[in-house]
Every structure is written in C-alpha cells, then in structure tokens.
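Given next are the chains, with one letter for each unit.
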Amino acid sequence: MTSASAPATEHEHADHAHQFDDAIQQHEAATLGMWTFLATEVLFFGALLTAYTIYRHYYFDAFRYASHEYLRWYLGAINTGVLLCSSLTVALAVHAAQHHDHAPGQSAAPPRIGQPKHLVPLLLVTMLLGLVFLCIKGTEYYIDYRENVVPGPSFFHPEHVPPGIDASHIRLFMTFYFILTGIHATHMIVGLGLFSWLTWNAHRGTFARTRSNAVEICGLYWHFVDLVWIFLFPLLYLIR
Amino acid sequence: MTSIPYNPAFDERSHTYLNIDYGVRSWLLTTDHKRIAILYMLGITFFFFIGGAAAVLIRIELMTPAGDLLSDDTYNKMFTLHGVMMVFFFLIPSIPAVLGNFLIPLMLGARDLAFPRLNLMSWYLYMIGGAIALTALILGGVDTGWTFYTPYSSVYSNGYVVMTIVGIFLAGFSSILTGLNFIVTTHKMRAPGLYWTRLPLFIWSMYATSVMQVLGTPVVAITLTLVAIERLFHVGIFNPAWGGDPILFQHLFWFYSHPAVYIMVLPSMAVVSEIVACFSHQRVYGYIFVAFSSLAIALISFLVWGHHMFVSGQSTYASMIFSILSFMVAIPSAVKVFNWTATLYRGSVDLKTPMLYVLGFIGLFTLGGLTGLFLASIAVDVHVTDTYFIVAHFHYIMVGGAVSAYLGGIHFWWPKMTGKMYPEWWGRFAAFVLFIGFNLTFFPQFILGYLGMPRRYHAYAEEFQVLNVMSTAGASILAVGYLLPFCYLIWSLKYGKTAPANPFGAAGLEWQTTSPPPTLNFESTPIVEDEAYAYDKIEVPYD
Ligand code: HEM
Ligand SMILES: [Cu+2]
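Residues numbered from 1 in each chain as written. Chains lettered and ligands numbered in written order. Predicted model: local features only at pLDDT ≥ 70, side-chain atom pairs only at ≥ 80, totals over all residues. Heavy atoms only, no water.

## Here we look at the overall build of chain B
In step 1: Looking only at helices and strands, chain B has 15 helices and two strands in total.
In step 2: Whereas a compact globule of 543 residues would reach a radius of gyration of roughly 24 Å, chain B reaches 23 Å, a difference of no more than 12%.
In step 3: If one aligns the C-alpha atoms of chain B with their principal axes, the spans along those axes are about 70 × 45 × 45 Å.
In step 4: When each of the 543 residues of chain B is scored for burial, the buried share is 64%.
In step 5: The contacts of chain B with a sequence gap of at least 6 include a subset with a gap of at least 24, amounting to 83%.
In step 6: Charge separation in chain B, taken as the distance between the mean sites of 24 positive and 27 negative side-chain charges, equals 8 Å. (Helix = DSSP H or I, 4+ residues; strand = E, 2+ residues; numbered from the N terminus. Rg over C-alpha atoms; globule rule 2.2 N^0.38 Å. Buried < 20%, exposed > 50% of the residue type's maximum accessible area, 1.4 Å probe, protein only. Contact = heavy atoms within 4.5 Å. Lys, Arg positive; Asp, Glu negative; His and termini not counted. Charge placed at Lys NZ, Arg CZ, Asp CG, Glu CD.)

## Brief notes about the overall build of chain A
In step 1: Regarding its fold elements, chain A presents seven helices and zero strands.
In step 2: Of the contacts made within chain A by residues no fewer than 6 positions apart, 82% connect residues no fewer than 24 positions apart.

## A word on the interface of chain B and chain A
In step 1: Contacts between chain B and chain A engage 44 residues on the former and 42 residues on the latter.
In step 2: Interface area, chain B with chain A, both sides summed: about 3600 Å², of which 69% is carbon and sulfur.
In step 3: Taken as a group, R111(B), K188(B) and I222(B) account for 16% of the area that chain B buries against chain A, more than any other trio of residues on that side.
In step 4: Across the contact surface, chain B and chain A share two salt bridges. (Buried area = accessible area lost by both parts, 1.4 Å probe. Salt bridge = Lys/Arg side-chain N within 4 Å of Asp/Glu carboxyl O.)

## Looking at the coordination of the iron atom of ligand 1
In step 1: Its sole protein donor being H393(B) (NE2), the iron atom of ligand 1 sits 2.2 Å from that atom.
In step 2: A separation of 4.3 Å is found between the iron atom of ligand 1 and the copper ion (ligand 2). (Donors = N, O, S within 2.8 Å, 3.2 Å for Na, K, Ca; no water.)

## Details of the coordination of the copper ion (ligand 2)
All names here are of chain B.
In step 1: Protein-derived coordination of the copper ion (ligand 2) comes from H258 (ND1), H307 (NE2) and H308 (NE2), at a distance range of 1.8 to 2.0 Å.
In step 2: When the donors of the copper ion (ligand 2) are listed by position in the chain, the intervening gaps give H-x48-H-H.
In step 3: Among the residues examined, H307 registers a relative accessible area of 16% and is labelled buried.
In step 4: Using a relative accessible area of 29% as the deciding quantity, one classes H308 as partly exposed.

## Here's the deal with the site of ligand 1
All names here are of chain B.
In step 1: Taken together, 21 residues surround ligand 1, and among them S326, D381, T385, H393 and R455 come closest.
In step 2: In this structure, a nitrogen atom belonging to ligand 1 sits 2.9 Å away from a side-chain N or O atom of H393.
In step 3: Of all the secondary structure elements, the ones that give two or more residues to the shell around ligand 1 are helix 8 (246-280), helix 11 (353-376) and helix 13 (388-418).
In step 4: Along the lines of polarity and charge, the residues of the shell around ligand 1 split into 13 nonpolar, six polar and two charged. (Near = heavy atom within 4 Å. Polar contact = N/O pair within 3.5 Å; in protein donor to acceptor, adjacent residues only side chain to side chain. Nonpolar A, V, L, I, M, F, W, Y, C, P; charged D, E, K, R; others polar.)

## Quick notes on the packing of aromatic side chains
Residue and element names in this part refer to chain B.
In step 1: With the rule as written, the count across this model stands at 63 aromatic pairs over all chains.
In step 2: Here the aromatic rings of F90 and Y406 are separated by 5.8 Å at their centres, their planes lie at 85°, and the arrangement is edge-to-face. Taken together, the residues span a long stretch of sequence, with F90 in helix 3 (residues 72-108) and Y406 in helix 13 at a distance of 316 residues.
In step 3: In this structure F90 comes out as buried when scored by relative accessible area, which is 4%.
In step 4: Judged by centre distance (5.1 Å) and plane angle (85°), the rings of F253 and W254 are edge-to-face.
In step 5: Classification of F253 as buried rests on a relative accessible area of 0%.
In step 6: Residue placement shows R35 over the ring face of W27; its charged tip is 4.2 Å from the ring centre. (Phe/Tyr/Trp six-rings, centres within 6.5 Å; stacked < 30°, edge-to-face > 60°. Lys NZ or Arg CZ within 6 Å of the ring centre and 35° of its normal.)

## Regarding helix 2 (residues 60-70) of chain A
In an α-helix, one turn spans 3.6 residues; hence positions three or four apart end up facing the same way.
In step 1: The set of residues buried in helix 2 of chain A consists of A62(A), F63(A), Y65(A), A66(A), S67(A) and Y70(A).
In step 2: Lining the buried residues of helix 2 of chain A we find helix 1 (23-58), helix 4 (119-146), helix 5 (167-204) and helix 7 (214-237) of chain A.

## A word on the pattern of salt bridges
In step 1: Enumeration over the complete set of coordinates arrives at 14 salt bridges over all chains.
In step 2: The structure contains a network of salt bridges with shared partners spanning R72(A), D144(A) and E147(A).

## Comments concerning helix 7 of chain A
In step 1: Spanning 24 residues, helix 7 of chain A covers 34 Å between terminal C-alpha atoms, matching the ideal 34 Å at 1.5 Å per step.
In step 2: Counting buried positions along helix 7 of chain A gives 17 out of 24 residues, so the element sits mostly inside the fold. (Expected span 1.5 Å × (residues − 1).)

## Remarks on the packing of helix 2 (residues 33-61) of chain B against helix 13 of chain B
Residue and element names in this part refer to chain B.
In step 1: One can describe the packing of helix 2 onto helix 13 by two numbers: an axis separation of 14 Å at closest approach and a directional angle of 145°. In the packing of helix 2 onto helix 13, the handedness of the crossing is left-handed. Residue-level inspection shows I38, M41, I44 and R59 of helix 2 in contact with helix 13, the latter providing Y388, Y406, I410, W414 and M417.
In step 2: Class assignment of the residues belonging to the contact of helix 2 with helix 13 gives a composition of eight nonpolar, no polar and one charged. (Axes fitted to C-alpha atoms, helices over the stretch in contact; angles between N-to-C directions. Left-handed = near helix turned anticlockwise from the far one by under 90°.)

## Quick word on the packing of helix 3 of chain B against helix 6 (residues 161-188) of chain B
When two helices pack together, their arrangement is captured by the angle between the axes and the distance separating the axes.
All names here are of chain B.
In step 1: The N-to-C vectors of helix 3 and helix 6 enclose an angle of 20°; their axes lie 11 Å apart at closest approach. When the axes of helix 3 and helix 6 are compared, the pair comes out roughly parallel. Taken as a pair, helix 3 and helix 6 cross one another with a handedness that is left-handed. Across from V84, F88, F89, I92, P96, G100, N101, I104 and L108 in helix 3, the residues of helix 6 making contact are T164, G167, I168, A171, S175, F182, T185 and T186. (Parallel < 35°, antiparallel > 145°, perpendicular 65-115°, else oblique.)

## Regarding the nonpolar core
In step 1: Membership of the largest hydrophobic core comes to 243 residues, with the highest contact counts inside it found for F173(A), F89(B), F202(B) and W413(B).
In step 2: Per-element accounting of this core gives the leading share, 23 residues, to helix 3 of chain B.
In step 3: Contact partners of F202(B), with chain neighbours within four places excluded, come to L99(B), G100(B), L103(B), I104(B), M107(B), A270(B), V271(B), E274(B), W413(B) and Y533(B).
In step 4: Of all hydrophobic cores here, the second largest spans eleven residues; its members include F20(A), I183(B), M189(B) and V214(B). (Core = buried A, V, L, I, M, F, W, Y, C linked by side-chain atoms within 4.5 Å.)

## Comments concerning the side chain of S515(B)
Residue and element names in this part refer to chain B.
In step 1: If you trace the backbone, S515 turns up in the loop between helix 15 (465-495) and strand 2 (524-526).
In step 2: Taking the relative accessible area as the measure of exposure, S515 reaches 14% and is therefore buried.
In step 3: Side chain to side chain, S515 and K416 meet in a polar contact 3.0 Å long.
In step 4: At a separation of 3.0 Å, a polar atom in the side chain of S515 contacts the main-chain carbonyl oxygen of P500.
In step 5: Not counting residues up to four positions away in its chain, the partners in contact with S515 are P415, K416, G419, A499, P500 and A501.

## Brief notes about the environment of E147(A)
Residue and element names in this part refer to chain A.
In step 1: Mapped onto the elements, E147 comes out in the loop between helix 4 and helix 5.
In step 2: Judged by its relative accessible area of 36%, E147 falls in the partly exposed class.
In step 3: A distance of 3.4 Å separates polar atoms of two side chains, one belonging to E147 and the other to R72.

## A few points about the environment of P259(B)
Residues and elements named next belong to chain B.
In step 1: Take P259: it is sitting in helix 8.
In step 2: For the pair P259 and Q213, spaced 46 residues apart in sequence, the C-alpha separation works out to 8.4 Å.
In step 3: In contact with P259, other than residues within four places in its own chain, are M212, W254, S301 and F302.

What follows is the structure, given as structure tokens:
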C-alpha cells in the first residue's frame, strides 16, 4: 500500500500481504504463479529448440561436425554434474526451510524467530556451484573467442571443413549454440541474484518470522533452469 | 447475502480509490489494481490516437489512385506504424489491462490481484515498450509491416527494426505478466461460494485469454529476438542466403499471432456476455457452453496458424489440416453468437449505449467470422490473400468487433470506475455514428479485395477509386465516432450525474460495492450464494 490512509487493520503485522486472507492462500498463489511463469519459459525455450531441431535436421552433417570440432563435451559434462549437485543442494535447502516452518496458516501460534538449520550454508553452496558453472561456461566462450568461432562479422571460415559441408551451416550451429547457452546463462545469473536475496533474508531470519515459502519458489526456478541445461547438453554437445 | 467483515474502519462516503490520495506518487507507485487500470487506460488511449493518426494519413493517400500524398516509402512506414501501434500497444492490452484489471478482483470478491506489484511492473514495461517503439518511429520509422516477415526485416529493411522489436518485446512481457496475474487470481482468490460454475462469463473468457497470453507471447518474443540477432550479427537464422529458413519465421510468428487475434477478441466476448445479460435482464442462455467455448477457442486457436501461410509454399497436406482446423475454430465462436442471440430473444431488451455497442459487435463480428471461413477455404484464400479482402476481414473482427466491445465495456463500467454517468443520448448517438462509419469504411474493402486490389500499396488502378473514396469518407465518420466518446466521457468526469452503486440493475459482485469502490473494494468479503446472472432476483432500475 502506498497510500498513507490505507485502513489500519490486522494486516499491519500479519504473515501475509493485504490482498490475501491468510498465509496458506498466499503460499498457494505464489507457487501457482511460479509454475505459470515456468510454463511461459517452457514455450520460450521450446520455440528456440524447435528452430534448432529443424536446422539440425536440415544440416545434420554440418551440425555434427561443428559440435565435434568446436564444443568440448567434457566441459559440458562437468557442468552438467555441477548443476545436478546444485539441484541437490537446492532440494536440501527447501527441505531445511520447510522443516523449520510451522504448518502454514496456524496464525495463532507465536512467530518463532531464528534460523532454520543449515539453510544459509546450503544456499551459499548452491550459489557457489552456480558460479562454478558460469566460470566453466565463460572459459568455453573464451576459447571460442580465441578460435574465432563466435558468429559475427569476424567469424573464421574454417579451412579444414570436409567436403559436402557448408561453412555457413557451421556458423548456424554456432549461432544457436550461443543463443541457447547464452539465454540459459542469463537465467543462471538471474537465479544467482534470487539466491543472494534468499541468503540475505535467511540470514536475517525473515523467512522464519514471516513463514514465507520463498525458498521453495526460487528453488522451483533453479530446478527449471537446471532442467533446461539437461536438455541443452545432449542436444548441443552429444550430436551423433 | 451474508458477508465476513474485514475492515471495521470502512467509511463508504469518504474513501473511494480515487479520492484517497491525490499525489502524483500515489498514482505512479500505486499497487491498487483499479488505479493501475486507469493508468493503462491513459496509455492505451494515447497509443490508439497515434495509430489512428497513421490510419488517417493512409486513408487520405488512398483517396486518389496516384501515390501523391505520401511517397511509397513513407506509406510503408505509415501502415507499419498503424499496425504495430494498434495491435501490440492498443488492442492486445485494451480490454484485459483496463477492464480486466479493474474488474477481475471485483468480480471475484477479492481485495486486489494476487500480485499487485507485478501488476504495476507490467504497466511500466508496457509504457517503456511503447516509448521505445514510438522513439523508433520518430527517428525514422519501420517499413516491414506489423508482421516483420524475414528476410526483409532481418536483412534488407533500412528502418529501426531492432528498436521496434525491443519495444514489442517489453510490451509482450507486460502482457505475459498480466496474464499470469489473472490466472493465479482466478484460481486462488475467489470469494467463498464463488465456484467455477458461478463465475461470470467475463472471468471465463479472461481466463482463456490469459492462458493464451502466457503460452503464446514467449514464442513471438523469442522469434522477434532471433530477427534482431540476425540483423545485428549478420548470422543466417532466417535468411536463405545464409542457410536460414524464412518460412520457419512465418510458422513461429503465426504460432503466436493467430492466438493473438483471439487474445484480442476473447476479451470482447467477455464484455459482450456481461452486457447482453444485463440489458436483456436475463441469465445468459447456455452458460456452460459459453464458458467452455472460451477454453475451446483458446485450445483450437493454437492449432490453426498455418491458414496465414497457404501461399507460402507449406505442404498442401499441412494446408488442408490447417484449413479443417480453421473451420473448427468457428464452432465455439458460433456457439457464443447463438447463445447471445438466444439470450436476447428470451429477454426484455433495453437499448442503452453499452447494449448498442454490443449489438454492433455481434453483427460485425459475425460478418468478420463468416468471411474468415471464406479465407479458411484454401482455394478462395489463394484468390484473395494479400488483398483488401483480408484487410476487411480482420478489421471487421478487430475494429468492428473488439474495439466496439471495448467501448461498450468502457461505457458500461464507466459509472463504476469514475462514479459518474456518461450522457446517455450522446452515447447512443456515438454508437450509431461508429456503426455507420465503420461499415462505410470497411465494407467497400471486401469488394475491392474481391476485385483484386492488393493491400500495402500507395497507388492503385483507376477503376478502384469510387470504392476507395467511399472508404475514406467512412473513415472520417468513424473518426467522429471515436472522438465523440473521448470528449463526452472526459466531460462527464466533471459534469456527469453521480452514479449509484448499480445504475443498470446488473448482477455481479462489482455492482454490490460503491461507485467508485473503496481501495479494498468491499466493506467485507462477500459470500456468494447464487449462480452468476441471477437476474430473476434483481429488479430493473427505474429511470
Ligand atoms: C475471431 C477473431 C479473428 C481475428 C481477430 C482475425 C484476424 C485476422 C488477421 C489479422 C488476419 C490477417 C493477417 C495478415 O495477413 O496480416 C487474418 C487472416 C485470416 N483469418 Fe482471421 N481472424 C479472426 C477469426 C478468424 C476465423 C474465425 C477464421 C476462420 C475460421 C479466420 C481465418 C483467417 C484466415 C484463413 C486468414 C488468412 C488470410 C490470408 O492471409 O491469406 N479468422 N485474420
Ligand atoms: Cu489466423
């Protein structure tokens, strides 16, 4: 409420925002909101992956060649492992946050102030894993940059392209590689921002006080971003 | 009607959402869905008049066969400007963001949408997007048409394509967030007793619209992003010379943009259901069919995009499937039209202004929809595609239909939104002018298209002049039809009669609170005990 004259009601110090009746309703709304957002995201990546799949079908040889020559599958594999670990720590963090919580809706119970055990460390480890992922991804980008396989005006026309493969199709593959992984990395960065915010609030005990399910909701987002990578890794790195 | 009080300090007279605070900050930082609706109304009206100005120039140019007023280049920029503004910045947000925002919490008996701050953020995204697109056109414009077909848009066009795309992208996100907010609110914030089968049909249609916004918009967002990337980095995503596939662009674009035509028209069906029920003083005939037809439209309209591509070289088999599915999408639309007319037939009809607009909608939408069936027949479409027949078809639906319904809705809920009555006779007069002007503008275009006049050219063959002059004459009448409400509605803010809580004797929770409502909408959470449209329990107001 921005207006000063908002009626002073029991909502002032309540555990839910003024538009909701109680914390249960708020939790359910927030969760459904995140799922709906993820549905949007599915279509967002879905359109890109459709386009990618069609070109992979048109120019299969070029795509396979480019994937072999220019992507390092082992770096992708390490990153897959890193993200899977981070999904585990997120799941544990959600568990930690929930088990501290009262069953939502028992507004009669006095708010317990304090921190759920392990929540902050688990969030920090998750962020660390996220950072490791981004560093490895950055390294890959850097190598690509050194090898001039970043699509653009200075794109290096590979000399040893086997006969029958068109360099422009290789470039198309690299374009999709950068768009897909770039958008994924952007999502990772947003995720890191969310988790910094979570960590700060968990540290101050806000969630325990307000019985918020923010950890769970940001966790959903994180799992989704991981899942996207689980699709990207085989589609880009492991073309056979 | 019983209720749960939640706001003991409630004072009916002194606290409306409008007079609670007058500061600029209290508007620009508001999270009240009703104030955000008003903010949207201002933005939308602004972009409507920008788009309208472009249309005026187009019509003046087309008075004579020679391309004399605007150069071909300027003409291209004008119809692009017109299309982009009207589609992305006016019609898609119009009913959802203004009337939906204002009414959904009221109709559900809630205090606000589920995510009020997100709602404010959508407005800012929309305005920033609009400002960017407007800047692009002041700097020099875009000449690709609102459809941005590749590779022209991604390689050859000289306009500010990327900038316009950024604007549309932001507006798209605003539309996604609005849809998300509506979906969650409808699921989670209904008042006690308000089961799904008791929801007003307005809510059902808005819900279906929101689903389409959430699932369709991301596709066009990423597609336009790809166009921008191809343009900026000269990589071949859609350009065939570089290995891309231009038809893929069309598939991705229409995958959103056909549902988008229903994103524009389903909300008008939402408005129509409410107004028809109110002014025939009758429950809507076949409630459950009308409700589910909205969902059916949402579903089927995702499967018909190929009817925009009959001449693109897509496979004949694909075209046949798309053709059949396009015929099928007409079924739920027809269900609605039949049920509305059945409601009228059994009711006692009161021809107030909103009802006039709605009757206009029903007639014009039916014509637009029926010509849609012509277009869904492949052979006919090959003959008239890219002619004025198409232009007439979608204007019947989008302008004759959706914009009329929007205006009908604005009149209908104007007393609720502002606490003032609009002037009834001016309203009826304007609705009449609009109907005449609209038909005079667009009916000749069906004939022009059938005779073979192509769209998107500034010059045309001599023999088409008579019909074009008729169309331009109609457009000036139409312009009067739009300016009238603009003027008298503003006038009514100061001089209009004070509106009672329920001036039209309408059913629906929004009419049970004061006009205008207090910030938290109701004195207490209403508890619903009736189905929607229990008109047998409401007396017709005497006036
Ligand atoms: C109900 C709301 C509708 C709206 C808002 C709408 C809008 C439009 C628009 C904007 C176009 C032109 C696209 C362009 O070329 O730029 C169009 C074309 C078309 N519409 Fe509709 N339409 C509607 C309903 C229908 C229905 C019910 C059908 C068929 C059952 C239909 C069939 C078609 C077809 C086949 C075309 C493609 C014509 C062509 O480009 O060759 N439309 N419509
Ligand atoms: Cu269509």
